[in-house]
Amino acid sequence: MIVVTGAAGFIASVVAGRLNQENYNDLILVDDFSRKDRERNYINLKYNKLINRNDFFDWFDKNYSQVEFVIHLGARTDTTEFDDNVFEKLNINYTKNMWTRCAKYGIGLVYASSAATYGAGELGYVDDESIIPNLKPLNPYGRSKNEFDKWALNQEQKPYFWAGLKFFNVYGPNEWHKGRMASVILHSYNKIKSQGYMELFKSHKEGIADGHQSRDFVYVKDLAEVIVFLMKTRKNSGIYNVGTGKARTFLDLCKATFKSMGVKEDIRFIDTPLDIRDKYQYFTQADMSKLRSIGYNRPFTELEDGVEDYVKNYLMK
């Protein structure tokens, strides 16, 4: 059995689908399955059992001998949520319980960290574990992920194999339910389809033009490939960046969306909302040398190719 948490959500549902493609069908899917509107993310998956996240550890303690690997992607991911208690419960303590059991039961573990741990990028975007105690995330979500990374590195008892993955800006199918936290591609598609134009945030930073704020946009299918690779190799434990290694502007992303939709470009600029303006990242770019050094040699999807696949094969259908 392979456990996948967060399975009703965006990334985990895509990962579970990729596991099915590899003929891993004995999956234990864990999440809060009370939201029926998210059924479409897992209804067509092949799996053994659905377990509510609040009931999972009781099940795990009784059935751990049947579990081969845990892919823990369930978390609160809202960067505009400022209640630290929410993140303490769902992101830190829940993951500690998962880690402790995997270490005790001899089960490999992949868990989701985040590029949000890098804050404004004062120390760069290198997945050097020695700098993790000095990182300064900009919001409670990023802090929760960094606090767990620090805790994990300090543990004497570790799973025989473990990997914490710092996901950069992920986009792709199955994110439709994420609301404000969905990728700019999904927002662009919906806005262009309904109104014929797209709005991007103005730059409030000297030297950066409107629309030239940049991110390392990574296609969710590429994340799934990385996770499958780590699950199969199970060596070189540690914390790894998962991005493309290439920053691209929001303007590039928006232009690619218009092109994939076959619609004439009409891009307008609005002020960045005040509630996120002082915590807004203007640049992220993953240093991917660490993952490459352990043998991951698959190319990452170019932004235009990923947007085209997402728009034409998922959103437009």
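These figures come from a predicted structure and were not determined experimentally. (Residues numbered from 1 in each chain as written. Predicted model: local features only at pLDDT ≥ 70, side-chain atom pairs only at ≥ 80, totals over all residues. Heavy atoms only, no water.)

A. How the structure looks around the packing of aromatic side chains. In this structure the tally under the stated criterion is 23 aromatic pairs. With a centroid separation of 6.1 Å and 35° between ring planes, the pair formed by Tyr118 and Phe168 is classed as tilted. Here Tyr118, found in the loop between strand E5 (108-112) and helix H4 (140-153), pairs with Phe168, found in the loop between strand E6 (162-167) and strand E7 (169-171); they are 50 residues apart in sequence, far enough to count as distant. Their ring planes at 80° and their centres at 5.2 Å tell us that Tyr280 and Tyr282 sit as a pair that is edge-to-face. (Phe/Tyr/Trp six-rings, centres within 6.5 Å; stacked < 30°, edge-to-face > 60°. Helix = DSSP H or I, 4+ residues; strand = E, 2+ residues; numbered from the N terminus.)

B. Expanded view of the sheet that holds strand E4 (residues 69-72). Strand order in the open sheet made by the 7 strands is E3-E2-E1-E4-E5-E6-E11, with parallel pairing throughout. Each edge of the open sheet carries a strand with a single partner, namely strand E3 (49-52) and strand E11 (238-242). Strand-to-strand twist of the sheet, defined as the mean angle between neighbouring strand axes without regard to direction, takes the value 20°. Here E6 pairs with E11 via 5 bridges, running parallel. Residue Phe167 lies in a different strand from E11, and its bridge partner there is Val242. Of the strands in this sheet, strand E1 (2-5), strand E2 (27-31), E3 and E4 are in contact with helix H2 (residues 56-63), which crosses E3 at around 125°. Where helix H6 (residues 220-233) meets the sheet, its contacts fall on E1, E4, E5, E6 and E11, and the angle it forms with E6 comes to roughly 170°. (Pairing = 2+ DSSP bridges. Axes fitted to C-alpha atoms, helices over the stretch in contact; angles between N-to-C directions. Contact = heavy atoms within 4.5 Å.)

C. Local environment of the side chain of Asn241. By secondary structure assignment, the location of Asn241 is in strand E11. The class of Asn241 is buried, set by a relative accessible area of 0%. At 2.7 Å, the side chain of Asn241 and the side chain of Tyr118 are in polar contact. Here the side chain of Asn241 touches Tyr125 through a polar contact of 2.9 Å, landing on its backbone oxygen. Those residues in contact with Asn241 that lie beyond four places of it in its chain are Tyr118, Tyr125, Val126, Asp127, Lys166, Phe168, Ala286, Asp287, Met288 and Leu291. (Buried < 20%, exposed > 50% of the residue type's maximum accessible area, 1.4 Å probe, protein only. Polar contact = N/O pair within 3.5 Å; in protein donor to acceptor, adjacent residues only side chain to side chain.)

D. Looking closely at unusual backbone geometry. Even without a glycine there, the phi angle at Asn23 is positive, about 70°. By secondary structure assignment, the location of Asn23 is in the loop between helix H1 (10-21) and E2. Phi is positive for Asn236, close to 60°, though the residue is something other than glycine.

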